[in-house]
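Now for the letters of each chain:
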Amino acid sequence: MLQEFSIVLDHKDRLLIGLGNTVWIATISTILSTVIGAALAMALMSRHVMLRRAVRVFIDAMRCVPFLLLAYIVYYGLPSLGVRFDNLSAGIASLSLYNAAYMGEILRGAWVSLPKEYAEAGEAYGFHGFKLFHRIIMPSLVLAAVPVLGNQVIQIVKDTAFLTIIAVPELTHEASAIQSMYYVPFGAFVAAIALYWLICRMVEFVVQYTEHLADLRR
Amino acid sequence: MTAEPHLAHRAAPASTERPVIEVRSLWKKFGDLPVLNDISLNVERGKTICVLGPSGSGKSTFLRCLNWLEKPDHGEIFLSGKRIGYREGSDIPMSAKEIAVTRARIGMVFQHFNLWPHLTVLGNIIAAPLHVQHRNRAEIVAEAEALLRKVGLFEKRDVYPAKLSGGQKQRVAIARALAMRPELLLFDEATSALDPELVGEVITVMEDLAKEGMTMVVVTHEMHFAREAADEILFLDRGFVVEHAPPAQFFDNPSSDRVKQFLQRFVR
């Protein structure tokens, strides 16, 4: 068994490349899904009934599709409609869209329970539209929803592992490659799990720090 | 209290003959319930009007119509001669942006302070001047600090509202309103949510503003403030103007029995 780990250690370069890819794919997907999710939340809280319904259909659809199938469809399915992504873009696009649905739902939930006085004071002082959302509502939403948003980020990190099926060179993909080349399944996958755990600890750290900032404001 | 440089522009002679706020025959219903019936009021520059009345009399709704947080069913409101809510000389409603521009000319102080919890005291005060009025940051910060000194809270500039007492929050909220350089200041029961021993510190600031010539419409239950600081009293009951008089007449010689009955509860 120790031998397995020493083989994995010999190929740590590949593992670290995979780790790096996982980190930046998860980071970009987190940013995109938060931005798209914020837009979805705005739409869900909008006065326009048709817009609300359309976004609701999108969110429900996303939540019912297994992520694996979504990634398949974006990478293998869309080309038959003439939309062609490379595997990395396909991976990031499907991760972002999929998690945007959850982010949107989380932010909407926080928004509904946000005291309406904050927004009203904003309106009374001349904030409106996007500026009202950006300056007054969104910061309160993030502070209120940070633990749940953190969970979703961890979900994004773990979902990146699915991208191995469309050959994105992320952590699981690299671990899998090492294990199939040298037949070290235990060592390779345990090493990968340890690295995923490390990423999640870092996310947790950021969440705790943000929680601390939120506590100062409560 | 020292004279603040930023208050100077209010002392300048009015460029227009029109009152700061002019309300003509305001009507409003919530569903089938009439809350405002034919309310009219003129507020001249530098005057303080106190709106009194029992709860449910429509005072707050009236105040909230003045900056269009509530939309009246009928009637017209003019801010320094310009109609609020509708484009000039037409019945086309203002866009959200146009209403926002109008609102930025009116300061409002709420019963529950409504400070933004994610911003520091200073952040609360400079937010609207910075992001709505797009004024110079250094100038706004200097002005905000002068206002904080004025309300006696300069040392709290970097603190979050959650760490302040109710009276301190309300003084910050007043500073936030003043930082907009408003033509008109609205107070919606600004002391009603405060512990009795904290009311005084907020009333003092309000009295100073009245003396300095700020134009204010104040919904309040503080009879002492109304008697000392108001130029006129508007008494509402069930959405009707029951009495509209100078404070001396209102308190000492009211014409309506309803007002007499109301005032009896406040006689010490």
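Scope of this entry: the structure provided in the associated data block. (Residues numbered from 1 in each chain as written. Chains lettered and ligands numbered in written order. Predicted model: local features only at pLDDT ≥ 70, side-chain atom pairs only at ≥ 80, totals over all residues. Heavy atoms only, no water.)

Among the nonpolar cores identified, the biggest contains 155 residues, and L52(B), F62(B) and F187(B) are the most heavily contacted of them. Tallying contributions element by element places helix α7 (residues 129–159) of chain A first for this core, with 13 residues. The residues contacting L52(B), other than those within four sequence positions of it, are K59(B), T220(B), M223(B), A226(B), I233(B), L234(B), F235(B), L236(B), F250(B), F251(B) and F262(B). (Core = buried A, V, L, I, M, F, W, Y, C linked by side-chain atoms within 4.5 Å. Buried < 20%, exposed > 50% of the residue type's maximum accessible area, 1.4 Å probe, protein only. Helix = DSSP H or I, 4+ residues; strand = E, 2+ residues; numbered from the N terminus. Contact = heavy atoms within 4.5 Å.)

What follows covers the packing of helix α2 (residues 12–44) of chain A against helix α8 (residues 171–182) of chain A. Residues and elements named next belong to chain A. At their nearest, the axes of α2 and α8 sit 7 Å apart, and the two run at 160° to each other. Judged on the interaxial angle alone, α8 and α2 are roughly antiparallel. For the element pair α2 and α8, the recorded crossing hand is right-handed. Together, R14, L15, G18, L19 and T22 of α2 and L171, E174, A175, A177, I178 and M181 of α8 make up the contact between the two elements. Looking at the contact of α2 with α8, its residues break down into 7 nonpolar, 2 polar and 2 charged. (Axes fitted to C-alpha atoms, helices over the stretch in contact; angles between N-to-C directions. Parallel < 35°, antiparallel > 145°, perpendicular 65-115°, else oblique. Left-handed = near helix turned anticlockwise from the far one by under 90°. Nonpolar A, V, L, I, M, F, W, Y, C, P; charged D, E, K, R; others polar.)

Before going further, it helps to spend a moment on the interface of chain A and chain B. Listed as interface residues are 21 residues of chain A and, on the opposing side, 28 residues of chain B. At the boundary of chain A with chain B, total buried surface from both sides reaches about 2200 Å², with 62% on carbon and sulfur atoms. Together, A124(A), Y125(A) and R217(A) form the three largest contributors to the area buried by chain A at its contact with chain B, with a combined 33%. Here chain A and chain B share 2 salt bridges between them. The salt bridge involving R64(B) is made with E120(A); its shortest N-O contact spans 2.8 Å. At the boundary of chain A with chain B, the tally comes to 10 residue pairs in polar contact (both at pLDDT 80 or more). When contributions to the side of chain A that touches chain B are tallied by element, the ones reaching two or more residues are α6 (116–124), α7 and α9 (185–216) of chain A. When residues in the side of chain A that touches chain B are grouped by element, the largest group, 7 residues, is from α6(A). (Buried area = accessible area lost by both parts, 1.4 Å probe. Salt bridge = Lys/Arg side-chain N within 4 Å of Asp/Glu carboxyl O. Polar contact = N/O pair within 3.5 Å; in protein donor to acceptor, adjacent residues only side chain to side chain.)

All names here are of chain A. Turning to its location among the elements, T210 is positioned in helix α9. T210 gets classed as buried once you look at its relative accessible area, which sits at 18%. Not counting the four nearest positions on each side in its chain, T210 is found in contact with L143 and V146.

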